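Examining the three-dimensional arrangement
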Amino acid sequence: MMTTDRTAVTAVLDSLADAWSRGDADAYGAHFTEDATYVTFVGTRYSGRDDIAGSHRVLFEKFLKGTKLAHEVLDVRFLGAEVAVVSTGGDTYKGDAPKKLSKVQTYTLVRDGGRWLVAAFHNTRRKPLMERVSFAFAPETKPKR
């Protein structure tokens, strides 16, 4: 894929983070397809743009009020010209951005009318201690990269 596609896809994540930091649930939700799926690190599954925006409206007013999103793109893979899978490290924070990101996230984006939208998002919390234990007892399970 062309560099411009990668830039356009990663710009979606930057824009999501901007909407989050402003507490703007509608702008956040606008980055998702009408039928998107969104799985939180606690396992809650939201279906559709309206559900995603609506839940974030409440979260931005309560538990996530005043937070920001930190993200680091780990990998972008294009599955043809219309689909991209993006792996990131991420976290929410107040104050200074965290030095280590505690979550691993997967975004599946689709091109829709020349614009990239998130069709699926999955968020999971990293458990470094459990990883170290697993790798100690079964070193062959450690990722090659």
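On a predicted model such as this, the values are computed, not experimentally measured, just so you know.

Regarding the overall build of the chain
- When you go through the chain residue by residue, the secondary structure sums to four helices and six strands.
- The secondary structure elements of the chain, listed N-terminal to C-terminal, are α-α-β-β-α-β-β-β-β-α.
- The C-alpha radius of gyration computed for the chain amounts to 16 Å, which stays within 12% of the reference 15 Å derived for 145 residues, consistent with globular compactness.
- Principal axes of the C-alpha set define a box for the chain whose edges measure 45 × 40 × 30 Å.
- Relative to its 145 residues, the chain shows a buried fraction of 34%.
- If you take every contact in the chain between residues at least 6 apart in sequence, the share linking residues at least 24 apart comes to 47%.
- Surface exposure of the chain reaches about 8800 Å², of which carbon and sulfur atoms provide 54%.

Some details on the pairing of strand E6 (residues 115-125)
- In this sheet, E6 lies alongside strand E1 (residues 32-39) in parallel orientation, the contact comprising four bridges. Paired with threonine 37 across the strands is alanine 120, a residue of E6.
- One ladder, built from ten bridges, connects strand E5 (residues 103-112) with E6; its direction is antiparallel. Within the sheet, the bridge partner assigned to valine 110 lies in E6 and is leucine 117.
- Between E5 and E6, which pair antiparallel and follow one another directly, the connecting turn spans two residues, one of which, glycine 113, has a positive phi of 60°.

Brief notes about the nonpolar core
- One finds Leu16, Tyr28, Phe32, Tyr38, Tyr107, Leu109 and Val118 to be the most contacted residues of the largest nonpolar core, which totals 26 residues.
- Not counting the four nearest positions on each side in its chain, leucine 109 is found in contact with Val9, Val12, Glu82, Val83, Ala84, Val86, Trp116, Leu117, Val118 and Ala119.

About the cut-offs
Residues numbered from 1 in each chain as written. Predicted model: local features only at pLDDT ≥ 70, side-chain atom pairs only at ≥ 80, totals over all residues. Heavy atoms only, no water. Helix = DSSP H or I, 4+ residues; strand = E, 2+ residues; numbered from the N terminus. Rg over C-alpha atoms; globule rule 2.2 N^0.38 Å. Buried < 20%, exposed > 50% of the residue type's maximum accessible area, 1.4 Å probe, protein only. Contact = heavy atoms within 4.5 Å. Areas by Shrake-Rupley, 256 points an atom, 1.4 Å probe, with all protein chains shown as cover. Pairing = 2+ DSSP bridges. Core = buried A, V, L, I, M, F, W, Y, C linked by side-chain atoms within 4.5 Å.

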